[in-house]
Amino acid sequence: PCNLASVWLQFGKAPAALSTMASGFRGFSVLLRLSATLLLLPHRLGLSAPIRSVDGWLNVTLRVEVATVHLNFQNISFMARTYNGSFPGPHLRMSPGDRVRVLLRNALGADLPGAGCRAPLDHLRAANSTNLHVHGIYDDAVQDNTFVCVSPGEDFEYTYKVHKELGTSMLWYHPHLEGSSAMQVCGGMAGFFEIVDEAEDAMFDFAATLPLMIQMMDFNPASKEYIGACLDNGGASDLPLRLSNPHNFTGRLLLASGEVGTFLALGTGELARLKVVNAMSGTATMLNFGFWGPSASVCTLHVLAYDGVYLHAPRRQRSVLLPPGGKADVAVSCSAPGQHTVGTLTIGAEDVGGLFDTELHPIVSLEVTGPGGRTAKLPDALPGPPPYYADLLQAQVDQRHSILFGNEAGDNVVGGWPYNGSVSHVAHRNTVQEWSLYGGEGVGMEKLHPYHQHMVHFQIISRSGGSELMAAVGDYRDTVPLYKDVNYTVRFVVPFTGPMMVHCHILKHQDMGMMTVVNFTDALPPVRLASRPLHLAPLARALVAFCMLSVAAALCACFAGRRSVRDGCCHSNYVRVA
């Protein structure tokens with residue numbers, strides 16, 4: 001039955017409290033819509049124990065297999081591809097300096113004929129093939145290999161070395177094969193990759209730390225993000241859904257680590273740390289969350305870290321806005337007993353395109369009781385970014401580059417081109433890169449394209465449009481939301497050599513072609529003076545001949561391809577035209 005009382009308790013019974021809630025959330029009708037979806041009280045979180053590293057090593061097998069997923073909501077179940085049969089995947093926990101060995105074992109059946117890894121790129125394909133990406137890891141493409149295809153029946157071993165200076169950092173892992181990543185993440189293939197520095201954590205006085213993997217399920221058959229349509233992967237999957245939905249629920253569910261609504265016990269004045277990962281797969285997946293209603297006046301929320309990188313000081317905010325793929329560590333505390341819910345909000349994000357739902361969805365409810373065992377206080381200063389992420393706000397730039405996601409036509413392209421595996425830009429190791437990031441679709445903040453790059457975070461140098469909820473100048477991030485009117489200048493130092501993927505983190509956009517590759521190479525050796533005179537005339541003639549041949553080859557490639565020089569061939573279209 002519809003449990004309106006459980007919703008009423010979230011805000012208290014006083015008319016004044018109801019009035020405050022109604023004005024803050026656009027009316028009592030929101031409360032009624034919410035009550036229609038919350039058909040059971042939240043459960044207390046029952047997360048499986050993390051798999052921990054031992055003696056500097058974490059060895060784990062992630063078996064990709066079909067399982068029946070059971071939700072703690074109206075007895076809903078369905079079939080999906082999973083890691084080790086669990087939803088979400090196993091929680092991996094290690095320490096800075098540890099080594100991690102992951103054996104990825106693909107136990108799925110064969111891909112449909114003509115729809116495997118050899119099928120054309122920028123199409124939905126390879127539903128039963130996979131690979132692995134650790135989102136936010138500071139490592140190269142040899143370790144975090146997202147270019148490999150692990151076909152059904154195959155194994156692939158990933159090895160990672162967690163940087164010894166990283167400190168505490170919440171990352172996550174998920175599939176990253178072009179053509180099926182959105183579908184596999186939609187079914188729940190995602191898990192925590194958590195680095196814990198116990199010595200660093202000693203600076204905090206947390207009564208509890210709660211990891212929260214945020215996922216979304218849409219059970220409306222008329223929705224383009226309906227779970228059946230998502231897991232069908234454009235006809236590339238033949239796995240039956242076998243949906244059991246005995247109460248014919250047709251709404252959207254927001255899941256926190258596999259649960260619909262969770263409780264956390266806390267004493268008055270105590271601090272809890274929430275490690276939130278936005279692992280939603282879909283287009284309307286911008287997550288804005290904070291305390292509901294009157295709780296916002298007696299509870300505080302401070303951001304400690306974004307994308308696994310500490311800020312320099314706690315940042316008090318009314319809400320936290322995360323793009324899909326984004327992460328935030330937040331500290332919460334309440335000065336009054338009661339049930340205080342952290343959930344989705346529109347406050348502060350009213351004009352944000354791609355926002356997840358305008359209705360209220362609970363993430364976690366704090367059961368705050370009496371005087372706490374202690375009254376905790378956050379430190380004034382936080383560890384800040386690790387040493388290898390220097391402050392580049394005043395740095396001398398070695399190379400500039402521009403990246404444009406999407407276009408006016410709504411195509412899934414980067415700089416006008418769909419992904420075809422080729423390199424669009426080359427940069428040298430140990431150089432300071434300054435990149436301009438642009439959204440090219442729609443108007444204002446209508447069309448969302450979250451920018452994500454692998455291997456290395458970037459520092460926000462400037463932002464045009466939007467608010468600090470999007471990203472603050474000086475912060476290090478690995479994922480930021482792009483819109484036509486929200487763009488960024490970012491900097492980073494190239495730490496490795498090899499190819500780096502850059503893509504939209506609406507994973508279906510990535511699957512359909514909104515991705516490119518940047519190649520990092522060793523810097524050219526310095527020019528050394530010869531011990532004897534050089535014959536400059538032959539050298540100059542050879543150089544001129546080489547340049548002419550290069551230009552001729554480029555022109556031939558352009559005219560033989562799909563675009564002309566005027567239209568932006570040879571990746572000149574990566575520079576945005578005003």
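The preceding data block contains the structure.
In this convention, every chain numbers its residues from 1, walking through the sequence in written order. With the structure being a predicted model, the display of local features is reserved for residues of pLDDT at least 70 and the display and counting of side-chain atom pairs for 80 or more, all residues being used for whole-chain, interface and lining totals. Water and hydrogen atoms were dropped before computing side-chain values, which therefore reflect all heavy atoms in the structure.

Participant: Any chance you could break down the state of the cysteines for me, citing the residues and the numbers?
Facilitator: Criterion for a disulfide: a pair of cysteine sulfur atoms within 2.5 Å. Throughout the structure, instances matching the rule amount to three disulfides. Here cysteine 186 pairs with cysteine 230 through a disulfide, and the sulfurs are 2.2 Å apart. Highlighted residues: cysteine 186 in helix 4 (residues 181–186) and cysteine 230 in helix 6 (residues 227–232), separated in sequence by 44 residues. Burial classes: relative accessible area under 20% of the type maximum marks a residue as buried, over 50% as exposed, and values in between as partly exposed (1.4 Å probe, protein chains only). By relative accessible area, which is 18% here, cysteine 230 ends up buried. A disulfide bridge connects cysteine 299 with cysteine 334, and the sulfur atoms are separated by 2.1 Å. For the disulfide bridge between cysteine 299 and cysteine 334, the dihedral angle about the S-S bond is near 105°, and by the sign convention the bridge is right-handed. With cysteine 299 in strand 16 (residues 299–306) and cysteine 334 in strand 19 (residues 327–334), this pair connects stretches of sequence that are 35 residues apart. Both residues of the pair, cysteine 299 and cysteine 334, count as buried. The numbering of helices and of strands both runs from the N terminus, where a helix is a DSSP run of H or I of at least 4 residues and a strand a run of E of at least 2.

Participant: For the environment of threonine 375, give the residues involved together with the corresponding values.
Facilitator: Take threonine 375: it is sitting in the loop between strand 21 (362–371) and strand 22 (399–405). Through-space distance from the C-alpha of threonine 375 to that of glycine 267 is 8.7 Å; in sequence the pair is 108 residues apart.

Participant: Help me get a handle on the sheet that holds strand 8 (residues 155–161), residues and values and all.
Facilitator: The strands that make up a sheet pair up through hydrogen bonds in the backbone, lying either parallel or antiparallel. Pairing between two strands requires that DSSP report at least two bridges joining them. Read from one edge of the open sheet, four strands run 4-3-6-8, paired in mixed fashion. This sheet does not close on itself; its edge strands, each paired only once, are strand 4 (77–83) and strand 8. Averaged over all neighbouring strand pairs, the angle between strand axes comes to 25°, with direction disregarded. Strand direction decides the pairing type here: strand 3 (residues 57–70) and strand 6 (residues 99–106), joined by eight bridges, are parallel. For asparagine 59, the partnering residue across the bridge sits in strand 6 and is arginine 101. Orientation is described by axes fitted as lines to C-alpha atoms, over the contacting stretch for helices, and by angles from 0 to 180 degrees between their N-to-C directions.

Participant: Quick rundown of the side chain of asparagine 106? Include the residues and the values.
Facilitator: Secondary-structure assignment places asparagine 106 in strand 6. The class for asparagine 106 is buried, based on a relative accessible area of 2%. Throughout, a residue-residue contact means that at least one pair of heavy atoms, one from each residue, lies within 4.5 Å. For asparagine 106, the residues in contact, after removing those within four places along its chain, are Val64, Asn128, Ser129, Thr130, Val150, Ser151, Pro152, Gly153, Glu154 and Asp155.

Participant: Tell me about the sheet that holds strand 9 (residues 169–174), and name the residues and values.
Facilitator: Taken in spatial order, the five strands make up an open sheet running 2-5-10-9-7, and their pairing is mixed. This sheet does not close on itself; its edge strands, each paired only once, are strand 2 (51–52) and strand 7 (133–135). Where strand 2 meets strand 5 (residues 92–94), two bridges bridge the pair, whose relative direction is parallel. Pairing of isoleucine 51 across the sheet is with leucine 92, part of strand 5.

Participant: How would you sum up the environment of glutamine 396? Please name residues and give values.
Facilitator: Relative to the elements of secondary structure, glutamine 396 occurs in the loop between strand 21 and strand 22. Among the residues examined, glutamine 396 registers a relative accessible area of 68% and is labelled exposed. For glutamine 396 and glutamate 434, which are 38 residues apart along the polypeptide, the C-alpha to C-alpha distance reads 9.6 Å.

Participant: Tell me about the nonpolar core, and please be specific about residues and values.
Facilitator: Core analysis: the largest hydrophobic core is formed by 67 residues, its most contacted members being Leu132, Phe193, Phe405, Trp435, Leu437, Tyr451 and Tyr488. Ranked by the residues each element gives to this core, the list is headed by strand 3, at four residues. Excluding residues that lie within four positions of it along the chain, tryptophan 435 makes contacts with His401, Ile403, His425, Tyr451, Gln453, Tyr488, Thr489, Val490, Phe492, Met500, Val502 and Val518. We call a set of buried residues a nonpolar core when its members are Ala, Val, Leu, Ile, Met, Phe, Trp, Tyr or Cys and they connect through side-chain atoms within 4.5 Å of each other. Counting residues in hydrophobic clusters, the runner-up holds 43 residues, among them Tyr310, Leu311, Ala328 and Phe356.

Participant: Can you lay out the pattern of salt bridges for me, pointing to particular residues and giving the numbers?
Facilitator: By definition, a salt bridge exists where a carboxyl oxygen of Asp or Glu is found within 4 Å of a side-chain nitrogen of Lys or Arg. If you walk through the whole model with that rule in mind, you get 19 salt bridges. Here glutamate 194 ties to arginine 93 by a salt bridge, and the two come within 2.9 Å at their closest N and O atoms. Residue glutamate 194 is located in strand 10 (residues 191–195), and its partner arginine 93 is located in strand 5; the two are separated by 101 residues in the primary sequence. What makes glutamate 194 buried here is its relative accessible area of 2%. The shortest N-O distance in the salt bridge between arginine 105 and aspartate 155 comes to 2.9 Å. Note that arginine 105 is positioned in strand 6 and aspartate 155 in strand 8, a separation of 50 residues in sequence. You can call arginine 105 partly exposed: its relative accessible area is 33%.

Participant: For the packing of aromatic side chains, give the residues involved together with the corresponding values.
Facilitator: A pair of aromatic rings is counted whenever rings of Phe, Tyr or Trp (Trp by its six-membered ring) have centres within 6.5 Å, and the orientation is called stacked for planes under 30 degrees apart, edge-to-face for over 60 and tilted otherwise. For the structure shown, the criterion picks out 17 aromatic pairs. Look at tyrosine 138 and tyrosine 389: their rings are 5.5 Å apart centre to centre, the planes differ by 85°, and that puts the pair in the edge-to-face class. Of this pair, tyrosine 138 sits in the loop between strand 7 and strand 8 while tyrosine 389 is found in the loop between strand 21 and strand 22, placing the two residues 251 residues apart along the sequence. For the pair shown, tyrosine 138 and tyrosine 389 are each scored as buried. Ring centres of tyrosine 451 and phenylalanine 458 lie 5.7 Å apart, and the angle between their planes is 65°; this geometry places the pair in the edge-to-face category. An identical accessibility class is assigned to tyrosine 451 and phenylalanine 458; each is buried. Every member of this aromatic cluster is reached through a ring pair, and the members are Tyr138, Tyr388, Tyr389, Tyr476 and Phe496. Ring-over charges, as used throughout, are those where CZ of Arg or NZ of Lys falls within 6 Å of the ring centre and within 35 degrees of the ring normal. Seen from the ring of tyrosine 306, arginine 477 lies directly overhead, with NZ or CZ sitting 4.2 Å from the centre.

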